[in-house]
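Secondary and tertiary structure notes
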Amino acid sequence: MLGALRRKVTIGGSSASVLGKSLQVIRPGVSTSRVSANAGKEILLLHPRGIDHVRNFSHLILPGCSVGLTKTRDVISSIPSETIMQKSCRAFSSGDGDLVDAVVPFMGESISDGTLATFLKKPGDSVAADEPIAQIETDKVTIDVVSPQAGVLQEYVAKEGDTVEPGTKIAIISKSAEGIEPAAPAEKKSEKPATKPSPPAETVKEEKPKARAEASPAVEKPKPPSTPPPKRTATEPVLPPKERERRVPMTRLRKRVATRLKDSQNTFALLTTFNEVDMTNMMKLRSDYKDAFVEKHGVKLGFMSGFVKAAVSALQHQPIVNAVIDGDDIIYRDYIDISIAVGTPKGLVVPVVRDADKMNFAEIEKTINGLAKKATEGTISIDEMAGGSFTISNGGVYGSLLSTPIINPPQSAILGMHSIVSRPMVVGGNVVPRPMMYIALTYDHRLIDGREAVFFLRRIKDVVEDPRRLLLDV
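These lines cover the structure that appears in this document, whether it is placed above or below.

Criteria and cut-off values
- Residues numbered from 1 in each chain as written.
- Predicted model: local features only at pLDDT ≥ 70, side-chain atom pairs only at ≥ 80, totals over all residues.
- Heavy atoms only, no water.
- Helix = DSSP H or I, 4+ residues; strand = E, 2+ residues; numbered from the N terminus.
- Pairing = 2+ DSSP bridges.
- Buried < 20%, exposed > 50% of the residue type's maximum accessible area, 1.4 Å probe, protein only.
- Salt bridge = Lys/Arg side-chain N within 4 Å of Asp/Glu carboxyl O.
- Patch = residues over 30% accessible without salt bridge, like charges linked within 9 Å, V, L, I, M, F, W, Y side chains within 5 Å.
- Areas by Shrake-Rupley, 256 points an atom, 1.4 Å probe, with all protein chains shown as cover.
- Contact = heavy atoms within 4.5 Å.
- Core = buried A, V, L, I, M, F, W, Y, C linked by side-chain atoms within 4.5 Å.
- Phe/Tyr/Trp six-rings, centres within 6.5 Å; stacked < 30°, edge-to-face > 60°.
- Lys NZ or Arg CZ within 6 Å of the ring centre and 35° of its normal.

So, unusual backbone geometry
Omega for the bond connecting proline 409 with proline 410 falls within 30 degrees of zero, at 5°, which places this linkage in the cis form. Along the chain, proline 410 falls in the loop between strand 22 (390-394) and strand 23 (413-417). Even without glycine at this site, aspartate 355 takes up a positive phi of about 50°. Here aspartate 355 shows up in the loop between strand 21 (352-353) and helix 10 (361-377). Look at aspartate 473: it is not a glycine, yet its phi comes out positive at around 55°. Inspection of the secondary structure puts aspartate 473 in the segment after helix 12 (468-472).

Okay, structure coming up:
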């Protein structure tokens, strides 16, 4: 019975009715009206490993004696874990149960905190269950804080720019319309400054003597005009006024990107080798089969899938490029996960195409399009960006003609694609216009020698210029 009592109260049943029925069984001679209950709260501290600690739910006071409800751990163990987890996702009620807390959700194994970036709702606004009310910016992704229940946003208990951890209370939600009342104090505060015009009358009187006192030295200031000429010396630079500058804090994503790229420069022995690719055959392949490709697979055929397949072939021919240095050891990866650099309004993200060596052109195009859409919308997850053994960066979509990309740690190389430009080339002894693209490979020279790097880039050139090599594996 005690187990049933606590289970029902934990799930949210009526405590009065449950206590009344239970007491009739425990003490048949005692009426419900003679029993007083000092009900406390049951707090479940949830961690990735499960329930850490449980406090006693309540303490019942019977006439002439005191009976404590013990063995709470045994009772909780009898409750299905799904019920506990389902209830733990919701914020706990406070007071009479009308107010609930919106807290920071679990953000991932590798993320311990984040920055409260923006509030999506204002105090007094109506919110639905699971509706985002705020956004938290982490080193990798942006995470939404949702309302645990439908109601009215009463107030925020944190400020924009605060560093918060999982479980931190962000806002208070009122299940009823009473939560709109907190908006009134804001109006009262605004009225108070408006009702204080009388004190300035006294300050005006005090400022008048000051103005008179300052007026007298103003009459004596016509004498110093002889001093400004020294400021016109030719050696002193003329700096713009501070009013024309703006200082804004860096986002956590931008700071993370800056740190990783600088660490890459400080750690790796970066060296870049270049080559050029004739895109004639790849463009003809795309032009001939683009309509049939879309009709069958529902996605457009782009150049990125061709370069991913070419990179997979090159990595299989030069496995050292897919390896990485770890201390005094070299780790050879027997899988090929290709990271694709995507520029978003909030910064650079690098989602990963898993097991690219097992995909065909259509699967690669669908995966890249899906990841790019998520990255642009800010809904990409941390798992979709973790790992990766080789990176491809396509600066050509922005018009870049040539660049030296920086390695994305903990990888050992990165391929840079650039814009396609029609240039005069010698073909069969004749000068003809050809669509050409410069490609660049930046690699860690501590691990990869120039010979392997050049062979790697040459393999990509050969496959892109003649895609039939992929079919014949030559």
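Here's the deal with the sheet that holds strand 10 (residues 132-137)
Strands sit in the order 11-10-8-13 across an open sheet of 4 strands; the sheet is antiparallel. Either end of the sheet is taken by a strand with one partner, and the two such strands are strand 11 (142-146) and strand 13 (163-164).

Observations regarding the pairing of strand 14 (residues 169-174)
Taken residue by residue, a regular strand's side chains alternate between the two faces of the sheet. Burial analysis of strand 14 places 5 of its 6 residues in the buried class, the great majority of the element. Both strand 7 (residues 99-103) and strand 14 contribute to a ladder of 5 bridges, which runs antiparallel. For valine 100, the partnering residue across the bridge sits in strand 14 and is isoleucine 173. Relative to strand 14, strand 12 (residues 151-156) is paired through 4 bridges, and the arrangement is antiparallel. Directly across from leucine 153, in strand 14, lies its bridge partner isoleucine 173.

Description of the pattern of salt bridges
Per the stated rule, a full pass over the model turns up 12 salt bridges. One salt bridge in this structure joins lysine 461 and glutamate 465, with 2.7 Å as the shortest N-O distance. Of this pair, lysine 461 and glutamate 465 both sit in helix 11 (residues 450-465), 4 residues apart, roughly one helical turn. The class of lysine 461 is buried, set by a relative accessible area of 12%. Linking arginine 468 and aspartate 466 is a salt bridge whose minimum nitrogen-to-oxygen distance equals 2.9 Å.

Digging into a nonpolar patch on the surface
Nonpolar side chains collect at one region of the surface, where Phe274, Leu401, Leu402 and Val421 lie side by side and expose about 330 Å² of accessible area between them. Structurally, leucine 401 can be placed in the loop between strand 22 and strand 23.

Some points on the side chain of glutamate 452
By secondary structure assignment, the location of glutamate 452 is in helix 11. We classify glutamate 452 as buried; its relative accessible area is 17%. Discounting residues that sit within four places of it in the chain, glutamate 452 has contacts with Gln318 and Ile320.

Focus on the nonpolar core
Ranked by size, the top nonpolar core spans 69 residues in total, and within it Phe307, Val308, Phe390 and Ile392 carry the most contacts. A per-element tally of this core places helix 9 (residues 303-317) first, with 9 residues. When near neighbours in sequence (up to four residues on either side) are disregarded, isoleucine 392 contacts Met304, Phe307, Val308, Ala311, Ile338, Ser339, Ile340, Ala341, Leu415 and Met417.

Examining the packing of aromatic side chains
By the definition in use, this model includes 2 aromatic pairs. Pairing phenylalanine 119 with tyrosine 156 gives two aromatic rings, centres 3.8 Å apart and planes at 20°, and the pair type is stacked. Placement of phenylalanine 119 in strand 8 (residues 114-119) and of tyrosine 156 in strand 12 is noted, with a sequence separation of 37 residues between them. What makes phenylalanine 119 partly exposed here is its relative accessible area of 24%. Above the ring of phenylalanine 303, the side-chain terminus of arginine 286 is found at 4.6 Å from the ring centroid.

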